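# Observations on the three-dimensional arrangement
The residues making up each chain are set out below.
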Amino acid sequence: MKLLNRSALSVKPTQAFVDWINSLEPTVGNDDLTLDDIDRENTVYLIPEMDTEEALDAWVRERYMDILENELRAWEEDERQWPESTDWSLFKRFLTVEHSYLAIDLDDEAPLEIADFDDAILLETDED
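The structure reproduced in this document is the subject of the present report. (Residues numbered from 1 in each chain as written. Predicted model: local features only at pLDDT ≥ 70, side-chain atom pairs only at ≥ 80, totals over all residues. Heavy atoms only, no water.)

## Here we look at the packing of helix α1 (residues 15–24) against helix α2 (residues 53–75)
Look at α1 against α2: their axes get within 10 Å of each other, and the N-to-C directions meet at 40°. With respect to their mutual orientation, α1 and α2 come out oblique. You can see that α1 and α2 cross each other, and the crossing is right-handed. Contacts from Phe17, Trp20, Ile21 and Leu24 of α1 reach α2 at Glu71, Leu72 and Trp75. (Axes fitted to C-alpha atoms, helices over the stretch in contact; angles between N-to-C directions. Helix = DSSP H or I, 4+ residues; strand = E, 2+ residues; numbered from the N terminus. Parallel < 35°, antiparallel > 145°, perpendicular 65-115°, else oblique. Left-handed = near helix turned anticlockwise from the far one by under 90°. Contact = heavy atoms within 4.5 Å.)

Rendered as structure tokens:
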């Protein structure tokens with residue numbers, strides 16, 4: 001086991017987020033997604049070590065837009081389909097955040113790899 005010098009945020013969708021997802025493509029009958037359907041769609045973000053709630057709150061307030069945009073983009077790449085106002089209020093309505101003080105790597109086999117995340121890679125198509 002390796003103790004990482006990071007804390008972690010687990011970001012979970014709320015019912016309001018699910019309602020937005022369902023509004024993107026209207027379905028017939030009972031084909032809409034439910035909160036239970038996407039309950040396991042949490043994203044874990046490694047963040048700097050935080051040892052107080054005040055520090056965590058300040059960090060999340062500073063970086064909420066990065067998190068919100070990433071979560072919206074995971075369901076809809078076309079920003080024109082996003083809610084009109086992507087602000088702190090929407091973040092709080094669409095997502096819940098759970099904080100873990102410690103991040104431990106339990107994989108003794110594979111080394112931890114670091115790669116820069118580039119949204120452009122996700123948006124590329126094979127049509128080029």
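## Quick notes on the packing of aromatic side chains
All told, the structure shown has six aromatic pairs when counted by the stated rule. Seen from their ring centres, tryptophan 20 and phenylalanine 94 are 6.1 Å apart, and the 40° between their planes marks the pair as tilted. Here tryptophan 20, found in helix α1, pairs with phenylalanine 94, found in helix α3 (residues 88–94); they are 74 residues apart in sequence, far enough to count as distant. Given a relative accessible area of 8%, tryptophan 20 falls into the buried group. Ring geometry for tyrosine 64 versus phenylalanine 91: centroids 5.8 Å apart, planes at 65°, classification edge-to-face. (Phe/Tyr/Trp six-rings, centres within 6.5 Å; stacked < 30°, edge-to-face > 60°. Buried < 20%, exposed > 50% of the residue type's maximum accessible area, 1.4 Å probe, protein only.)

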